Amino acid sequence: MNGLDEVHEKGFAQYVVGARPTLRRNAFVLVGDWFAADDLVQQTLIALYRCWERLDRHDALSGYTRTVMVRIFIDERRKLRWTRELLQDSLPEPEPEPEDVTRVGDRLVLLKALSTLSARQRSLVYLRYWEDLSIEDVAQIMGCSSATVRSSTSRAMRILREHLDRLGASAGTDCA
């Protein structure tokens, strides 16, 4: 390995150490499962490593990395529709502590509602409301028009509200 390769390797390793925790949290928002989030982060980092030497500004990678992650997520979900693999229920989570029951319950309800969205809708909600990106930025990342972002996000939020309303009605509480 020559000196330039070593510099690139060290730069990439430093980026990974600093960015991995944030990438993992963001991936969890997209996929709703920590193990799947780890896989998504790994795929994102592999894709980033492949083009690391060609990237001009290593100091401003968060937006590029976010775009790569969202596109990999959507692509993987698209492939899942065509697979013959049968997925089983996930392993049960440990029981929460009594003082955290309400917070954990709210999170589980929200994750259940998010799981009803398509990968593209979930990506839109993630980019607009978790990452707090503008409609124009989301349109650029998703490769569509601003009008498509607005209409698709509106549709996704309507689906979430309806699902949360149904869950609230079935639990006997108001989730709105």
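About the cut-offs
- Residues numbered from 1 in each chain as written.
- Predicted model: local features only at pLDDT ≥ 70, side-chain atom pairs only at ≥ 80, totals over all residues.
- Heavy atoms only, no water.
- 1 Å grid on protein atoms, 1.4 Å probe; cavity = no way out; pocket = protein on both sides within 12 Å on 5 of 7 lines; lining within 4 Å.
- Points joined across faces, edges and corners; volume = space filled by probe spheres on them.
- Helix = DSSP H or I, 4+ residues; strand = E, 2+ residues; numbered from the N terminus.
- Nonpolar A, V, L, I, M, F, W, Y, C, P; charged D, E, K, R; others polar.
- Phe/Tyr/Trp six-rings, centres within 6.5 Å; stacked < 30°, edge-to-face > 60°.
- Lys NZ or Arg CZ within 6 Å of the ring centre and 35° of its normal.
- Core = buried A, V, L, I, M, F, W, Y, C linked by side-chain atoms within 4.5 Å.
- Buried < 20%, exposed > 50% of the residue type's maximum accessible area, 1.4 Å probe, protein only.

Let's shift gears to the layout of surface pockets. By volume, the second largest pocket is sized at about 380 Å³. Only α1 (3–31), α4 (101–114) and α5 (119–130) provide two or more residues apiece to the lining of the second largest pocket. Ranked by residues supplied to the lining of the second largest pocket, first place goes to α5 with 5 residues. For the lining of the second largest pocket, the class distribution of residues is 11 nonpolar, no polar and 3 charged.

Further remarks concern the packing of aromatic side chains. Counting across every chain of the model gives 4 aromatic pairs. For the pair Phe12 and Tyr49, a centre-to-centre distance of 5.0 Å together with 65 degrees between the ring planes defines the contact as edge-to-face. With Phe12 in helix α1 and Tyr49 in helix α2 (residues 34–50), this residue pair connects regions lying 37 residues apart in the sequence. For Arg128, the ring lying beneath its charged end belongs to Tyr129, and the centroid distance is 5.7 Å.

Here we take up the nonpolar core. A general trend in soluble globular proteins is that nonpolar side chains are found buried together. Counting 37 residues, the largest nonpolar core has Leu30, Leu40 and Leu127 as its most contacted members. Of all the secondary-structure elements, those providing two or more residues to this core are α1, α2, α3 (62–80), α5 and α6 (135–142). At 10 residues, α1 tops the list of elements feeding residues into this core. Judged by nonpolar contacts, the second largest core, of 7 residues, contains Leu114, Val125, Ala156 and Met157.

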